[in-house]
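# Fold and geometry: a report
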Amino acid sequence: MRASSGDCLAPPLFFFHHSSIQIPKADSIHTTALSRPLDASRQRRERKKTVSFSSMPTEKKISSASDCINSMVEGSELKKVRSNSRVYHRYFLLDADMQSLRWEPSKKESEKAKIDIKSIKEVRTGKNTEIFRTNGIYDQISEDCAFSVIYGENYESLDLVANSADVANIWVTGLRYLVSYGKHTLDMIESSQNNMRTSWLCDLFAEADVNGVGEVNLSTAVQMIKNLNSGLKHRDNVIKEEFIEVFHELCTRPEIYFLLVQFSSNKEFLDTKDLMMFLEAEQGMAQVSEETSLELIHKYEPSREGREKGCLSLDGFTNYLMSSECQIFDPEHTKVCQDMKQPLSHYYINSSHNTYLIEDQFRGPSDITGYIRALKMGCRSVELDVWDGPDNEPVIYTGHTMTSQIVFRSVIDIINKYAFVASEYPLILCLENHCSIKQQKVMSQHIKKILGDKIYADCPNANDTYLPSPDGLKNKILLKAKKLAQNCSGLEGDVTDEDEGAEMSQRVANESGEPQTTVAQKRFKLSKELSDMVSLCKSVAFNDFQFSFQSQKYWEMCSFNEVLATRFSNDCAGDFVNYNKRFLARVFPSPMRIDSSNMNPQDFWKCGCQIVAMNFQTPGLMMDLNIGWFRQNGNCGYVLRPAIMREEVSYFSANTKDSVPGVSPQLLHIKIISGQNFPKPKGSGAKGDVVDPYVYVEIHGIPADCAEQRTKTIYQNGDNPIFDESFEFQINLPELAMVRFVVLDDDYIGDEFIGQYTIPFECLQPGYRHVPMQSLTGEVLPHASLFVHVAITNRRGGGKPHKRGLSVRKGKKSREYPAMRILFIKALDEVFKNAIQPLKEGTDLRENMQNAIVPFKELCGLSAVSNPMQCILALSARLMSSDGTPLVVFNLKDQYPIMEPQCAIPEVLKKVVAAYDTVIQTSKVLIENVDGVHEKIMQCQKTAMEYHENLHSIAAKEGLKGRKLQKAVENFTWNITILKGQADLLKHAKNEVLENLKQIHYAALTCELGKMNVGAGESSRGRRSLEVIPEKAAGDEEAAES
């Protein structure tokens, strides 16, 4: 959908006219407008600009409550949604006296087609009322454009949809301000003209005005504003009022202002308690204290007044949200955070193909900088194609091609220097050896002399079944190459040749029309000295999976051409996954990729292939995925594979287009709010000087997870485009999923790429986050970012996710229970039959909990993405009477906080208490029963696994053979996977319920609604909260249309 040009703000590229300037003083700008609101539009037209901007915004940027209220006085066309899918287009406006919200036309009398501001109980964002949820056109309404006004003693809802999210934000912010201050709104707005921001800017101006004459020269003013907002682009004398006015216009981000008002108790700034609420409820920070808030305020608040009073202004809030603390990448993953003591075959390994090449595969130059670049990027597997060179010095290049050559010794020198600069974990040298015995000896001498004891040459232990761990091989270099047979006693022997270059040469010849020839596999002489350096990565040819399962040694390693690996991933995905549990597999690009293009690494990671060799010299989507993927473990070059790919007995199909057995899907909610400082695409022939950006959100992973969504285009605005669009994705295998944000230009000729950022799903931080944009080649684009909101169901935020948590809501009628497959092996079928009842009980415990908590969230006026802390904070205003005494308190004396009414309460509040009671009761049932059910499931799994070692012989006794035997083994694996997965789901469901109870307890204390038993050490801390209450129950039909 394409936005109209009037829906966006133009970029603040600016210049001052060198002329005499007369600007109204700051304290008169909006107060005058509000004292005569009906003349607001005329006043706006007549107001003279004293500062000129190229591409000046057609509408003033929203940066204060007065801006919102001015806009509301002028009015907006909104859609009014009623039951039975009825939608009415009406013009809504705020009365001149700011006491009433009116709409027209209406069949009602004019005095009845209005809502008194004082009757408004809450202003709710999104589609979170009964009328919205039960509406037939629910899916056609944008979540970001919808809002509701809850009013009257019966808590009726006025459900509205704006033409854009920006308009919705203006109305929500303005109405919340009016509800907070009522008849004192005008006084508050007038007093806020001398707020912390103005005071801070006045102090800055005074510092620059060294002569005390009340003005500074133009260049100083421009430089000050650029210093305060480094992303701005620059295209006499300026007085203080002019400086403040320009700063307001250029440096205010409306989307952050709207957010501040949402969490601010006084709608002007965040005090320590407001900031605590934001950090806990939205950013997912745990154990936040007022001291934590003060530390952030002192760190990010620019005004002296704010720091002294412990308040975070709009500019301080912006500074915080733009800081590294609010980036989307979880800082826990910037260091090694995974178990590094698993076998080497259990990790993905960052790998490079033909590392020496810096351009294409056939004619491109070779250079040692290829190795430097790869090793600095955390690459842990590099390639060396070695051939005889002049002067008895081996050289590296791609044989049978026209690529240039580099000396082998210089490459080994570089590897020695950079091998462990980015990572201390083992480096694999894939040695493709084509040298004569004479020059092999030279190779051996260089390796021994330069790399010395870094080379791991210990003989593998024949009693082991798996490779050593990365932790056990720290600072060691492994040679992946051909090795002589153990019984070879001479100084040399015959081995088969590996020659990727021959395939490339044949491909080029075929494309040029030359007669096709087949390069026969040949044998060559290998020196024992070089062979003895190969230990854990002996290169062998692949025959088939059954041969490998029976005969391949764990230290032997196969390389797969991309074409062959693709065939296996499509036709034998299960075998490929099982093969990679024990053996290392290297996949290298097809010889068709002469241009050094890259294959999609996800195609092979989903099958468990550890070493997917990439052409590091070629930027683009595939390298973005590779670079992004290996960020998640401190960029050490090793990433632990999903558990379902490591467990000895587990069922996983790499090509599944449905949910994964034993893994609960997670729902990812992403809202693209805005962008900042997008540059023009490099090399583009754009029609204009300013970009027309739009954003793609892509999900990469198993086939069931691959998806993409795009925002609308924002025209003529690269500096602060407002998108305000929300998307939802179901992630079936979170441990293998990646999220990629791509910003493109709709106004281009040739190149549309602006920037991208790729991040593993497990590294996402929930809450309000900035996404740093990167160029095509991976460099950070200065000041360019996306501002987004991230929410993931089953996850509180900040830290590690629940790998297996509660999932989507399902009613009992549609409830699906995990099934056990029949093996036709009597003893085993009896074991699995015993698991059916505990599996059903476990599913009921989890689903009942989910079915209880979702309606409670809805009654709180929040979406299913919200957490219990947000729910209690949202309810707190409704749970307090007008004189500040609680209507309902939480009894916190035991593990399960109970809601206790303190007096007669309204019917709508009774519904909330009843829904909450259901949540607590289902929580209690789960906590009290989950361990017993978990134990039954695990006992079934343990008993079944006792048959595993002799499964084939037991099946043979039952008369199973051939396809029936194969099916029985597959069903056994499926059942074990289900049992393990369901046990994990129960364990994490218990942890999640305990976390929910903890959040409720903490939120009740925070809102001063907690009743502790005598002697309790905890005390409550007061705080203003989000003003959200339950709406009137469905069924109140309109008495008359509005």
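Criteria and cut-off values
- Residues numbered from 1 in each chain as written.
- Predicted model: local features only at pLDDT ≥ 70, side-chain atom pairs only at ≥ 80, totals over all residues.
- Heavy atoms only, no water.
- Helix = DSSP H or I, 4+ residues; strand = E, 2+ residues; numbered from the N terminus.
- Buried < 20%, exposed > 50% of the residue type's maximum accessible area, 1.4 Å probe, protein only.
- Areas by Shrake-Rupley, 256 points an atom, 1.4 Å probe, with all protein chains shown as cover.
- Axes fitted to C-alpha atoms, helices over the stretch in contact; angles between N-to-C directions.
- Left-handed = near helix turned anticlockwise from the far one by under 90°.
- Contact = heavy atoms within 4.5 Å.
- Nonpolar A, V, L, I, M, F, W, Y, C, P; charged D, E, K, R; others polar.
- Pairing = 2+ DSSP bridges.
- Core = buried A, V, L, I, M, F, W, Y, C linked by side-chain atoms within 4.5 Å.
- Arc of directions from axis to C-beta.
- Polar contact = N/O pair within 3.5 Å; in protein donor to acceptor, adjacent residues only side chain to side chain.
- pLDDT = per-residue confidence, 0-100.
- Phe/Tyr/Trp six-rings, centres within 6.5 Å; stacked < 30°, edge-to-face > 60°.
- Lys NZ or Arg CZ within 6 Å of the ring centre and 35° of its normal.
- Disulfide = S-S within 2.5 Å.
- Salt bridge = Lys/Arg side-chain N within 4 Å of Asp/Glu carboxyl O.

To continue, consider the overall build of the protein chain. Looking only at helices and strands, one finds 30 helices and 33 strands in the protein chain. Burial statistics for the protein chain: of 1042 residues in total, 59% are counted as buried. A total of about 42600 Å² of accessible surface is found on the protein chain, and carbon and sulfur atoms cover 49% of it.

The description of two helices packed together rests on the angle between their axes and the distance between the axes. In the contact formed by helix α26 (residues 836-859) and helix α30 (residues 963-1006), the axes pass within 10 Å of each other and the chain directions differ by 35°. Crossing of α26 over α30 shows left-handed handedness. Of the residues in α30, those in contact with Leu-839, Gly-842, Thr-843, Arg-846, Met-849 and Ile-853 of α26 are Ile-978, Leu-979, Gln-982, Leu-985, Leu-986, Ala-989, Val-993 and Asn-996. In terms of residue class, the contact of α26 with α30 is made up of 9 nonpolar, 4 polar and 1 charged.

A word on the pairing of strand β32 (residues 898-901). Walk down a regular strand and you will see the side chains alternate between the two sheet faces. Pairing geometry for strand β31 (residues 888-891) and β32, over 4 bridges, is antiparallel. Bridged to Phe-890 within β32 is Met-899.

For the rest of this paragraph, the subject is unusual backbone geometry. Following Glu-104, the chain continues into Pro-105 via a peptide bond in cis, with omega recorded as -5°. Of note, Pro-105 is situated in the loop between β3 (100-104) and β4 (114-116). Located in the positive-phi region is Tyr-155, a residue other than glycine, with phi close to 55°. Mapped onto the elements, Tyr-155 comes out in the loop between β6 (146-151) and β7 (156-161). Judged by relative accessible area, which is 7%, Tyr-155 ranks as buried.

Here we take up the nonpolar core. Leu-175, Phe-278, Phe-317, Leu-321, Phe-856 and Phe-890 are the most contacted members of the largest nonpolar core, which has 125 residues in total. Leave out the neighbours within four places in its chain, and Leu-175 touches Met-72, Ile-117, Ile-120, Val-123, Phe-147 and Val-149. The next biggest cluster of nonpolar side chains, apart from the first, holds 77 residues, and it includes Leu-431, Ala-565, Tyr-579 and Cys-607.

Let us look at the pairing of strand β26 (residues 722-731). Of all the 10 residues making up β26, 7 are buried; the element is thus mostly covered by neighbouring parts of the structure. In terms of strand pairing, strand β23 (residues 666-676) meets β26 through 8 bridges, oriented antiparallel. Bridged to Ser-674 within β26 is Ile-722.

Attention now moves to helix α12 (residues 290-300). Within α12, burial applies to Ser-293, Leu-296, Ile-297 and Tyr-300. For α12, the arc enclosing every buried residue in end-on projection is 100°, short of the 170-degree limit, so these residues lie on one face. Seen from the open side of α12, the exposed residues pointing more than 90 degrees away from its buried face are Glu-291, Glu-295 and Lys-299. In this fold, the buried residues of α12 make contact with α11 (272-281), α13 (304-309) and α14 (314-322).

Time to look at the sheet that holds strand β33 (residues 1010-1011). Paired through their backbone hydrogen bonds, the strands of a sheet run either parallel or antiparallel. Spatially, 3 strands are ordered β32-β31-β33 in an open sheet, and the strand pairing comes out mixed. With one partner strand each, in any of the chains shown, β32 and β33 form the two edges of the open sheet. Together, β31 and β32 form the strand contacts of helix α28 (residues 907-945), whose direction differs from that of β32 by roughly 155°.

Examined against the element boundaries, Arg-90 turns out to sit in strand β2 (residues 87-94). On the basis of relative accessibility, which here comes to 13%, the residue Arg-90 falls in the buried class. Among the polar contacts listed, one links the side chain of Arg-90 to the backbone oxygen of Pro-105, at a separation of 2.9 Å.

Another point: the sheet that holds strand β1 (residues 76-81). Pairing is antiparallel across the open sheet formed by 7 strands, whose spatial order is β4-β3-β2-β1-β7-β6-β5. What marks the edges here is a single partner per strand, and that holds for β4 and β5 (120-125). Shown here is a sheet whose adjacent strand axes are inclined to one another by a mean of 30°, direction ignored. Here β1 runs beside β2; their pairing, made up of 6 bridges, is antiparallel.

With 82% of its residues at a pLDDT of at least 70, the protein chain reaches an overall mean of 83. Here residues 1-58 scores under 50 on pLDDT; set against residues more than four positions off or in separate chains, the count is 114 contacts. Note that pLDDT drops below 50 for residues 795-811; the model gives that stretch 67 contacts with residues more than four away or on any other chain.

The subject of this paragraph is helix α22 (residues 573-582). Three or more residues of α22 are buried, namely Ala-573, Phe-576, Val-577, Tyr-579, Asn-580 and Lys-581. Here the buried face of α22 lies against α20 (545-551), β19 (556-561), α21 (562-571) and β20 (585-588).

Once that is clear, we can look at the packing of aromatic side chains. In the structure shown here, the tally under the stated rule is 34 aromatic pairs. Ring centres 5.8 Å apart and planes at 75° place the aromatic pair Tyr-348 and Trp-629 in the edge-to-face group. Taken together, the positions of Tyr-348 in strand β10 (residues 347-352) and Trp-629 in helix α24 (residues 621-629) put the pair 281 residues apart, joining distant regions of the chain. With respect to class, Tyr-348 is no different from Trp-629; both count as buried. Judged by centre distance (5.1 Å) and plane angle (65°), the ring pair of Phe-542 and Phe-545 falls under edge-to-face. Following the ring pairs from residue to residue traces out a cluster consisting of Phe-542, Phe-545, Phe-549, Phe-560, Phe-568, Phe-576, Tyr-579 and Phe-583. Positioned above the aromatic ring of Phe-787 is the side chain of Arg-253, whose terminal nitrogen or guanidinium carbon lies 5.2 Å from the ring centre. Looking at Arg-710, its charged tip hangs above the ring of Tyr-694, at a distance of 3.9 Å from the centre.

Residue placement: Thr-173 occurs in helix α5 (residues 165-181). A distance of 2.8 Å separates the side chain of Thr-173 from the backbone oxygen of Asn-169, its partner in a polar contact. Setting aside chain neighbours within four positions, we find Thr-173 in contact with Cys-68, Tyr-257, Phe-258 and Val-261.

With that settled, consider the state of the cysteines. As used in these notes, a disulfide is a covalent bond between sulfur atoms, one from each of two cysteines. Scanning the entire structure with this criterion turns up 0 disulfides. Sulfur of Cys-609: no disulfide; nearest cysteine sulfur belongs to Cys-607 and is 5.7 Å away. Its relative accessible area of 0% is what places Cys-609 among the buried residues.

Inspection of the entire model under this criterion finds 31 salt bridges. Linking Glu-970 and Arg-821 is a salt bridge whose minimum nitrogen-to-oxygen distance equals 3.9 Å. Placement of Glu-970 in helix α30 and of Arg-821 in the loop between β30 (780-792) and α25 (826-833) is noted, with a sequence separation of 149 residues between them. Here Glu-970 falls in the partly exposed class, since its relative accessible area comes to 25%. Several salt bridges share partner residues, and in doing so they unite Glu-130, Arg-133 and Glu-858 into one network.

For the rest of this paragraph, the subject is the environment of Asn-626. Tracing the backbone through its elements, the reader meets Asn-626 in helix α24. If near-sequence neighbours (up to four positions away) are discounted, Asn-626 is found in contact with Asn-350, Trp-605, Met-614 and Phe-616.

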